[in-house]
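So the chains spell out like this:
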Amino acid sequence: DEVTDISGYHYLAICVHFWESSALSSKLWCLRDLKLDSSSSAILKIIEDEILNIKYSKNLIGIITDGAAVFKGKINGVHNKLANKIPGLITQHCLAHCTDLVAKKSFLSMKIDIESFLMNIVNYFSRSPINKMKFLEFQKYLNIKPSGILGISKTRWLELYNGIKRILDKWDSLKSYFTGSRKY
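Residues numbered from 1 in each chain as written. Predicted model: local features only at pLDDT ≥ 70, side-chain atom pairs only at ≥ 80, totals over all residues. Heavy atoms only, no water.

Before going further, it helps to spend a moment on the state of the cysteines. Here the structure, examined in full by the defined rule, presents zero disulfides. The thiol of Cys94 is unpaired, and the distance to the nearest cysteine sulfur, on Cys98, comes to 7.0 Å. Using a relative accessible area of 17% as the deciding quantity, one classes Cys94 as buried. (Disulfide = S-S within 2.5 Å. Buried < 20%, exposed > 50% of the residue type's maximum accessible area, 1.4 Å probe, protein only.)

One way to put it is that helix 5 (residues 114–126) packs onto helix 8 (residues 171–178) with a least axis distance of 13 Å and a crossing angle of 70 degrees. Classified by the interaxial angle, the pair formed by helix 5 and helix 8 is roughly perpendicular. Facing Phe117, Ile121, Tyr124 and Phe125 of helix 5, the residues of helix 8 in contact are Trp171, Leu174, Tyr177 and Phe178. Residue classes in the contact of helix 5 with helix 8 are distributed as eight nonpolar, no polar and no charged. (Axes fitted to C-alpha atoms, helices over the stretch in contact; angles between N-to-C directions. Helix = DSSP H or I, 4+ residues; strand = E, 2+ residues; numbered from the N terminus. Parallel < 35°, antiparallel > 145°, perpendicular 65-115°, else oblique. Contact = heavy atoms within 4.5 Å. Nonpolar A, V, L, I, M, F, W, Y, C, P; charged D, E, K, R; others polar.)

Below, the discussion takes up the pairing of strand 4 (residues 62–65). Here strand 4 shows one buried face, formed by Ile63 and Thr65, and one open face, formed by Gly62 and Ile64. Here four bridges tie strand 4 to strand 5 (residues 90–93), and the two strands are oriented parallel to one another. For Ile63, the partnering residue across the bridge sits in strand 5 and is Thr91. (Pairing = 2+ DSSP bridges.)

The subject of this paragraph is the side chain of Gln139. Structurally, Gln139 is set in helix 6 (residues 129–141). Look at Gln139 and you get buried, because its relative accessible area is 0%. Polar side-chain contacts of Gln139 include one of 2.8 Å to the side chain of Lys170. Setting aside anything within four residues of it in sequence, one finds Gln139 in contact with Ile144, Lys145, Pro146, Ser147, Lys170 and Ser173. (Polar contact = N/O pair within 3.5 Å; in protein donor to acceptor, adjacent residues only side chain to side chain.)

Okay, the packing of aromatic side chains next. Applying the stated criterion to the full structure yields 10 aromatic pairs. When the centroid spacing of 5.7 Å and the interplanar angle of 45 degrees are considered together, the rings of Phe125 and Tyr177 count as tilted. Of this pair, Phe125 sits in helix 5 while Tyr177 is found in helix 8, placing the two residues 52 residues apart along the sequence. A residue is classified by how much of its surface remains accessible, and Phe125, at 3% relative accessible area, is buried. Taken together, the ring pairs in this structure connect Tyr124, Phe125, Phe135, Phe138, Tyr177 and Phe178 into an aromatic cluster. (Phe/Tyr/Trp six-rings, centres within 6.5 Å; stacked < 30°, edge-to-face > 60°.)

Now for the sheet that holds strand 1 (residues 2–4). The pairing of strands in a sheet comes from backbone hydrogen bonds and takes either a parallel or an antiparallel form. A sheet is described by the order of its strands in space; here three strands give the open sequence 1-2-3, paired in antiparallel fashion. Edge positions in the sheet fall to strand 1 and strand 3 (23–33), since each of these pairs with one other strand and no more. Between one strand axis and the next, the sheet turns through 30 degrees on average, direction left out of account. Taken together, the three bridges between strand 1 and strand 2 (residues 10–20) define a ladder with antiparallel strand orientation. Each bridged residue has a counterpart across the sheet, and for Val3 the counterpart in strand 2 is Tyr11.

Fair warning: the whole summary comes from geometry, so function is off the table for now.
Here you go:
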């Protein structure tokens, strides 16, 4: 996957899944600076340097990426270029990325902007220690195990699940808190 850090630098992260001692293992293979060139040719060169030009290349059977054109493009995409080098290579769009895209599309059918709604709840508590403390106290008053609201990041979609789950777990107490029942 291609990632961009907070300062705007682009990197290519290569994770590998492999069999080791009769078990599936996963490892961050490398994190390479794309040096402002995130073209399919630059990405392919890194894959060649890191995987294809070493002893593991004969064991490469598939590649899974997000659906960005640089990876999935029919002519110049990394998948197509690699498949030309490795006959029978399995290329796949990452299931987690697909699920994220489906979730984002489903939000569009709702009558409210669900992402903004969730972010407003998170921001209400994250920007005010007093609001955070009052909500924890309110949960104690309701005999609910107190816990805060987790952050939700639009760019770190893997964190989204835990943040939304916490809001759903606390939904009744949040609803009571925001509808004025917090005068305890």
